[in-house]
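So the chains spell out like this:
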Amino acid sequence: DVKVTQSSRYLVKRTGEKVFLECVQDMDHENMFWYRQDPGLGLRLIYFSYDVKMKEKGDIPEGYSVSREKKERFSLILESASTNQTSMYLCASSVVGAANYGYTFGSGTRLTVV
Amino acid sequence: DQQVKQNSPSLSVQEGRISILNCDYTNSMFDYFLWYKKYPAEGPTFLISISSIKDKNEDGRFTVFLNKSAKHLSLHIVPSQPGDSAVYFCAAPTTDSWGKLQFGAGTQVVVTP
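Positions within a chain are numbered from 1, following the residues in the order the chain's sequence is written. Ligands are numbered from 1 and chains lettered from A, in the order in which they are written. Per-residue local features are limited, in this predicted model, to residues with pLDDT of at least 70; the limit for side-chain atom pairs, both in listing and counting, is 80 or more; totals at the level of whole chains, interfaces and linings are taken over all residues. Heavy atoms from the whole structure form the basis of all side-chain values; hydrogens and water molecules are not counted.

Peer 1: Whenever I open this one, the overall build of chain A confuses me. Can you help?
Peer 2: Secondary structure assignment for chain A yields zero helices and eleven strands. The secondary structure elements of chain A, listed N-terminal to C-terminal, are β-β-β-β-β-β-β-β-β-β-β. Relative to a compact globule of 114 residues, whose C-alpha radius of gyration would be 13 Å, chain A shows 13 Å and is just as compact. If one aligns the C-alpha atoms of chain A with their principal axes, the spans along those axes are about 40 × 30 × 25 Å. Of all 114 residues assigned to chain A, the portion counted as buried reaches 47%. Residue contacts follow a heavy-atom distance rule, with two residues in contact if any of their heavy atoms lie within 4.5 Å. If you take every contact in chain A between residues at least 6 apart in sequence, the share linking residues at least 24 apart comes to 55%. Asp and Glu are treated as the negative residues and Lys and Arg as the positive ones, with His and the ends of the chain left uncounted. In plain terms, the charge of a residue is placed at NZ if it is Lys, CZ if Arg, CG if Asp and CD if Glu. Positive and negative side-chain charges in chain A, numbering 15 and 14 respectively, have mean positions lying 6 Å apart. To qualify as a helix, a DSSP run of H or I must reach at least 4 residues; to qualify as a strand, a run of E must reach at least 2; elements of each kind are numbered from the N terminus. Throughout, the radius of gyration refers to the C-alpha atoms, and the reference size of a globule is 2.2 Å times the residue count to the power 0.38. Exposure is judged per residue with a 1.4 Å probe applied to protein chains only, and the accessible area is read against the type maximum: over 50% gives exposed, under 20% gives buried, and values in between give partly exposed.

In structure tokens:
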């Protein structure tokens, strides 16, 4: 069964901390994405990557960075966590040209910044 | 600037009745639309899609209707079941070369016995 695994289900971090959210997929997908889900705003794209070491900004990249050193792993980094980054973070992957865009999502990481 | 809009944050429906979820979009260049379903503590999963060359697509209890002139699509669930209680997101691929999905705000559906 294809899988996208996010390393933590719940995280609590302090303001100003550097936070790493990890995502691993086992489907050999080229594309990987980080979204955040907030009530009333839906899923908003933070960053995506279409190949190893390649990255593109999404709609809300401010305060975030990403790393993709290996095809299967895509990390989201909060350089200095702030309370407005409290959210549900969802990682997804897809293969280029897939029917129905073929997004597979992880279960999400609920991050609380205090 | 949100180009995919779901203006109803929640919907409550009795088991066995029809659920109708609405989605509007602003970009007339969109040519494909998807619906995703999300349970709490799980990632969204693909439910059904429609190409702009069609006005209807059906898959079991789920039917999506597309009205291009109104830039409007709807998802019908008939009959609604308790397991349909979830958040439903409407999505469309961006028209740039990346074709990444952009999502609406979601509609929380609660199916009551």
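Peer 1: I'm lost on the sheet that holds strand S1 (residues 4–6) of chain A in this one. Help?
Peer 2: Adjacent strands of a sheet pair through backbone hydrogen bonds, lying either parallel or antiparallel. Residues and elements named next belong to chain A. The criterion for strand pairing is that DSSP finds at least two bridges linking the strands in question. Within the open sheet, the four strands sit side by side as S1-S3-S8-S7. Their pairing is antiparallel. Each edge of the sheet is formed by a strand with only one pairing partner; in this case those strands are S1 and strand S7 (64–70). If you compare each strand with its neighbour and ignore which way they point, the axes differ by 20 degrees on average. Two strands pair when backbone bridges link them, and S7 and strand S8 (residues 73–78) are joined in this way by five bridges, in the antiparallel orientation. Note that in S8 the partner of Val66 across the bridge is Leu76. Lines are fitted to the C-alpha atoms to define the axes, a helix being fitted only along its stretch in contact, and any angle between axes, read from their N-to-C directions, falls within 0 to 180 degrees.

Peer 1: What exactly am I supposed to notice about the sheet that holds strand S8 (residues 72–77) of chain B here?
Peer 2: Residue and element names in this part refer to chain B. Taken together, the five strands give an open sheet; going across it, the order is S1-S3-S8-S7-S6, and neighbouring strands pair in antiparallel fashion. A single partner strand is all that each edge strand has here, and the edge strands are strand S1 (4–5) and strand S6 (56–59). As judged from the six bridges shared by strand S7 (residues 62–67) and S8, these two strands associate in the antiparallel manner. Looking at S8, one finds that Asn67 is bridged to His72.

Peer 1: Would you take a moment to explain the pairing of strand S11 (residues 107–112) of chain B for this structure?
Peer 2: All names here are of chain B. Covered by surrounding structure in S11 are Thr107, Val109 and Val111 only, the residues Gln108, Val110 and Thr112 on the alternate face being uncovered. Note: strand S2 (residues 10–14) against S11, five bridges, orientation parallel. If you follow Gln14 over to S11, its bridge partner there is Thr112. Here three bridges tie strand S9 (residues 86–93) to S11, and the two strands are oriented antiparallel to one another.

Peer 1: Please explain the packing of aromatic side chains as it appears in this structure.
Peer 2: Each aromatic ring pair is characterised by the separation of its centres together with the angle its planes make. Residue and element names in this part refer to chain A. In summary, the pairing rule links any two rings of Phe, Tyr or Trp, Trp by its six-membered ring, whose centres are within 6.5 Å, and it sorts them by plane angle into stacked for under 30 degrees, edge-to-face for over 60 and tilted for everything else. In this structure the tally under the stated criterion is 17 aromatic pairs over all chains. Seen in terms of ring centroids, Phe33 and Phe48 are 6.1 Å apart; in terms of plane orientation they differ by 20 degrees. Their pairing is stacked. Pair noted here: Phe33 is in strand S4 (residues 31–38) and Phe48 is in strand S5 (residues 42–51), with a separation of 15 residues, a long-range link. Phe33 gets classed as buried once you look at its relative accessible area, which sits at 4%. What makes Phe48 buried here is its relative accessible area of 3%. On the basis of an interplanar angle of 55 degrees and a centroid distance of 6.5 Å, the ring pair of Tyr35 and Tyr103 is categorised as tilted.

Peer 1: What am I meant to see in the interface of chain A and chain B here?
Peer 2: One frequently used descriptor of interface size is the decrease in accessible area upon assembly of the parts. Tallying the contact residues gives 19 residues for chain A and 20 residues for chain B. By buried area we mean how much accessible surface two parts lose on assembly, using a 1.4 Å probe and totalling the loss over both. The junction of chain A with chain B conceals about 1700 Å² of combined surface from both sides, 64% of it contributed by carbon and sulfur atoms. When the buried surface of chain A facing chain B is broken down by residue, A:Leu43, A:Asn100 and A:Tyr101 rank first, second and third, together holding 33% of it. Any carboxyl oxygen of Asp or Glu within 4 Å of a side-chain nitrogen of Lys or Arg constitutes a salt bridge here. At the boundary of chain A with chain B, the tally comes to zero salt bridges.

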